[in-house]
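If you want the building blocks of each chain, they are given just below.
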Amino acid sequence: MSDLEVLLPDGSRRVLPEGSTALDLASAIGKRLAKDALAAEVNGQLADLSATLPAGATVAIVTPTSDKGREVLRHSTAHVMAQAVTRLWPGAHYAIGPAIRDGFYYDFELPGGDHFSDDDLERIEAEMRAIIAEDQPFTRSEYSIEEGLELFFDQPFKVEIINAVAQGASEEDLAEVASASVVSTYSNTPAFRDLCRGPHVPSTARLGHFKLMRVAGAYWRGDERRPQLQRIYGTAWESEAALAAHLEQLVEAEKRDHRRLGQELDLFSFPTEIGPGLAVFHPKGGTMRRIMEDYSRNRHVHGGYQFVNTPHIAKEELFQTSGHLQWFADGMYPPMELDDGQNYYLKPMNCPFHVLIFKSRQRSYRELPLRFFEFGSVYRYEKSGVVQGLTRVRGMTQDDAHIFCTREQMSDELASLLKFVLDLLRDFGLNDFYLELSTRPEGKAVGSDREWQEAETTLSKVATDAGLELVLDEGGGAFYGPKISVQARDAIGRTHQMSTIQLDFQTPQRFDANYIGSDNARHQPIMIHRALFGSVERFMAVLIEHYAGNMPTWLSPEQVRVLGVRNDHDAYALEVASALHLDEVRVEVEEASEPLGSRIRKAKMEKIPYILVVGDDDVANGTLGINARGSNAPERGVTLEEFRGRLAKEIAEHGSPEAL
RNA sequence: GCCUGGGUAGCUCAGUCGGUAGAGCAACGCAUUCGUAAUGCGUAGGUCAGGAGUUCGAAUCUCCUCCCAGGCUCCA
């Protein structure tokens, strides 16, 4: 018998008897590794531990604490769930069940069109634990297409996948089988077999640190014209500790949910009387908005923008010309009929209005680039199931601008714009970005191939030159042009779409907007759409979650609260407050009718940056005690002047408009 | 839009088998005057999301409508 040699990730080589499996390799390396091993990566391809190794292969053993290991665990757990469901609902059809971030899901169709309820999750979990306790092996087999169809004759979704693969399949379908001509399956018991490429853990006993999270409807193949299946989401980890840590993280994320903080901090609400996705801002939220908007306005003044204002509704014809009614009608509120059958629409975007301002008189090349800026409120009809807090609303205000420039100016304009955006976002404390380039939406776009090509190339170059990570979003552009969006990662690593920059050759053409060039001929300007906050509402939501409600001092609705120790200190407290008020600090006094501890607690819960406590010593010496947010060691005996200086400095450094 | 779960005092929530509405916090009043995360007592507060039905009787059971959350696609 001859030997085979394999290459390990550390560059070392190992000789094994021919026919050795990945598990044999793990055992040869060490007992501990053999015990931990879940699967193997052979020449870059994930494989079962039972796979025999080809000579010369590069082999890495996959263990539970790696991303790949977790993926295998999650995928195997999904199979266990499918088996549990088929045990509890004989005749259930199972569709697909992949590993996803932090967990897995599986889609089912239950006999008689039954639906899972929340209570079913417990029963399914119990059945899964029984399967795990049975220590069932995952056994791989391979079949021809015909044999596969025969094996899964009573599983219509599996049959559809096998047929799709046989006829030249998508990547997605291939994930379910071994290749276009080989159908691979994994069986745990004679009673349960699933179509799957694998790999899987050797036995169900290797699983167990999981929790079923929720049930949901999901359309077969994500297509709302197809039947809706019953999806169960679960999370699975390598250990109880990792599972607990994940669940804990979910609790933490919920604590910084902007909807919850918006309620707790009295920032905004969604009165049902007004309608879904339509927010009202309370005084504190209104103050935050004002600060954000003022800062942005100031930035735009310095950035060479001109301020414009436009109405919220316009005649049908405007949106015919712009193309919105043709391409964006689904996102618009229905028209209101006025006068003699004239239809008016609420505006979903500001661009047509800004074009009309451009067109209001003859323009010269000497004026370009022209930059029109507006906090423009727009209304979009979002489907009832998709509105979400301040991040997906039906009425919002965009910090919107449209730049009209020549083709030659386009590149430079985009490059400086990108810098402008990133600087602004950094001033708000976001500094981890990547860019996403969204290209032509298939079958839903105006303009020629050549124009799209040019626009996409230009954006892509500007994005690359900015030196940030660039991700391609195929077909994600607007109907009139491609876009770059700036994605920001927040304090707990989630990403949010913020600013968008879109190139548009179409709109100027549709409106016949032009300027007189140096050659005394008419030319069409290029139009750049851009919103830096995206929407003021969404931006505020992202900031609230990023800071967990602890807004930097310059953005805090109330920056300082002054508390007298006893009520005979209230007069001094008011004196301190009015001094700060002269510095334009947002300051309140709470008089001493409650115990000091109680008033401090209240101010802490309101996340006010500075609580000033003043008592006998302070009245005598003109000082104050500072209890800063996030600190539990108050500072005593600071002079008022000292505090004013510190506060002014902090606010200036955090990018207040005065700092420009 | 579709699937699952939910909507009870301003907020967070309890409410058993269908028998006439509860708590804590907040608010208000009185007392308390206090040096860094909850002073005490009291008062008031409800179309149980809205509508219809079943019933002697509905927060509770049925149907319809509205709204919220999660998912259907990204993202976490």
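Residues numbered from 1 in each chain as written. Chains lettered and ligands numbered in written order. Predicted model: local features only at pLDDT ≥ 70, side-chain atom pairs only at ≥ 80, totals over all residues. Heavy atoms only, no water.

**A closer look at the overall build of chain A**
Then step 1. Counting secondary structure elements, chain A contains 21 helices and 34 strands.
Then step 2. Dimensions of chain A, computed from C-alpha atoms along their principal axes, come out at roughly 90 × 75 × 55 Å.
Then step 3. Taking all 660 residues of chain A together, 50% fall into the buried category.
Then step 4. For chain A, the accessible area works out to roughly 30,600 Å², and carbon and sulfur atoms hold 48% of it.
Then step 5. Chain A carries 70 positive and 99 negative side-chain charges, and their two centres are separated by 3 Å. (Helix = DSSP H or I, 4+ residues; strand = E, 2+ residues; numbered from the N terminus. Buried < 20%, exposed > 50% of the residue type's maximum accessible area, 1.4 Å probe, protein only. Areas by Shrake-Rupley, 256 points an atom, 1.4 Å probe, with all protein chains shown as cover. Lys, Arg positive; Asp, Glu negative; His and termini not counted. Charge placed at Lys NZ, Arg CZ, Asp CG, Glu CD.)

**Brief notes about the packing of helix 10 (residues 283-302) against helix 14 (residues 410-427)**
Then step 1. Direction vectors running N to C along helix 10 and helix 14 enclose 150 degrees, while the axes themselves pass 12 Å from each other. Comparing the axis directions of helix 10 and helix 14 gives the class roughly antiparallel. As helix 10 runs across helix 14, the sense of the crossing is right-handed. Contacts between helix 10 and helix 14 involve Tyr 295, Arg 299 and His 300 from the former and Phe 420, Asp 423, Leu 424 and Asp 427 from the latter.
Then step 2. Of the residues belonging to the contact of helix 10 with helix 14, the class tally is three nonpolar, one polar and three charged. (Axes fitted to C-alpha atoms, helices over the stretch in contact; angles between N-to-C directions. Parallel < 35°, antiparallel > 145°, perpendicular 65-115°, else oblique. Left-handed = near helix turned anticlockwise from the far one by under 90°. Contact = heavy atoms within 4.5 Å. Nonpolar A, V, L, I, M, F, W, Y, C, P; charged D, E, K, R; others polar.)

**Some words on the packing of aromatic side chains**
Then step 1. Overall, the coordinates contain 25 aromatic pairs when judged by the stated rule.
Then step 2. Where Tyr 94 meets Phe 192, the ring centres are 5.3 Å apart and the plane angle is 35 degrees; that geometry is what we call tilted. Placement of Tyr 94 in strand 6 (residues 93-94) and of Phe 192 in strand 11 (residues 192-195) is noted, with a sequence separation of 98 residues between them.
Then step 3. A relative accessible area of 6% means that Tyr 94 is categorised as buried.
Then step 4. Residue Phe 192 is classed as buried on the basis of its relative accessible area of 2%.
Then step 5. On the numbers, 5.9 Å between centres and 55 degrees between planes, the contact of Phe 268 with Phe 281 is tilted. (Phe/Tyr/Trp six-rings, centres within 6.5 Å; stacked < 30°, edge-to-face > 60°.)

**Here's the deal with unusual backbone geometry**
Then step 1. In the segment running from Leu 368 into Pro 369, the intervening peptide bond is cis, with an omega of -5 degrees.
Then step 2. Within the secondary structure, Pro 369 sits in the loop between strand 20 (363-364) and strand 21 (370-379).

**Points about the protein's contact with RNA strand B**
Then step 1. As a structural note, the neighbourhood of RNA strand B is formed by 54 residues, with Arg 214, Gln 228, Ser 384, Arg 601 and Asn 627 the closest of them.
Then step 2. Within 4 Å of the protein, the contacting atoms of RNA strand B are drawn from sugar and phosphate to the extent of 60%.
Then step 3. A distance of 3.2 Å is found between a base oxygen of RNA strand B and a side-chain nitrogen or oxygen belonging to Glu 594.
Then step 4. At 3.3 Å from a phosphate oxygen of RNA strand B is found a side-chain nitrogen or oxygen belonging to Ser 598.
Then step 5. If you list the elements that add at least two residues to the surface near RNA strand B, you get strand 12 (210-219), strand 13 (228-236), helix 9 (258-264), helix 19 (596-605), helix 20 (616-621) and strand 33 (623-628).
Then step 6. Here the surface near RNA strand B takes seven residues from helix 19, the largest share from any one element.
Then step 7. For the surface near RNA strand B, a count of residues per class yields 17 nonpolar, 22 polar and 15 charged. (Near = heavy atom within 4 Å. Polar contact = N/O pair within 3.5 Å; in protein donor to acceptor, adjacent residues only side chain to side chain.)

**Observations concerning the confidence of the model for chain A**
Then step 1. Of all residues in chain A, 97% have pLDDT values of 70 or greater, and the mean over the chain is 88.
Then step 2. Across the interfaces of the predicted complex, the ipTM metric reaches 0.90, alongside a pTM of 0.88. (pLDDT = per-residue confidence, 0-100.)

**Some words on the sheet that holds strand 25 (residues 483-489)**
Then step 1. Ordered in space as 16-21-22-29-26-25-23-24, the eight strands form an open sheet in which the pairing is mixed. In this open sheet, the two edge strands, each paired with only one partner strand, are strand 16 (306-307) and strand 24 (470-473).
Then step 2. For strand 16 and strand 21, the ladder comprises two bridges, and the chain directions are parallel. For Gln 306, the partnering residue across the bridge sits in strand 21 and is Phe 372.
Then step 3. Its contacts with the sheet place helix 10 against strand 16, strand 21, strand 22 (395-405) and strand 29 (526-531), and it is angled at close to 160 degrees to strand 21. (Pairing = 2+ DSSP bridges.)

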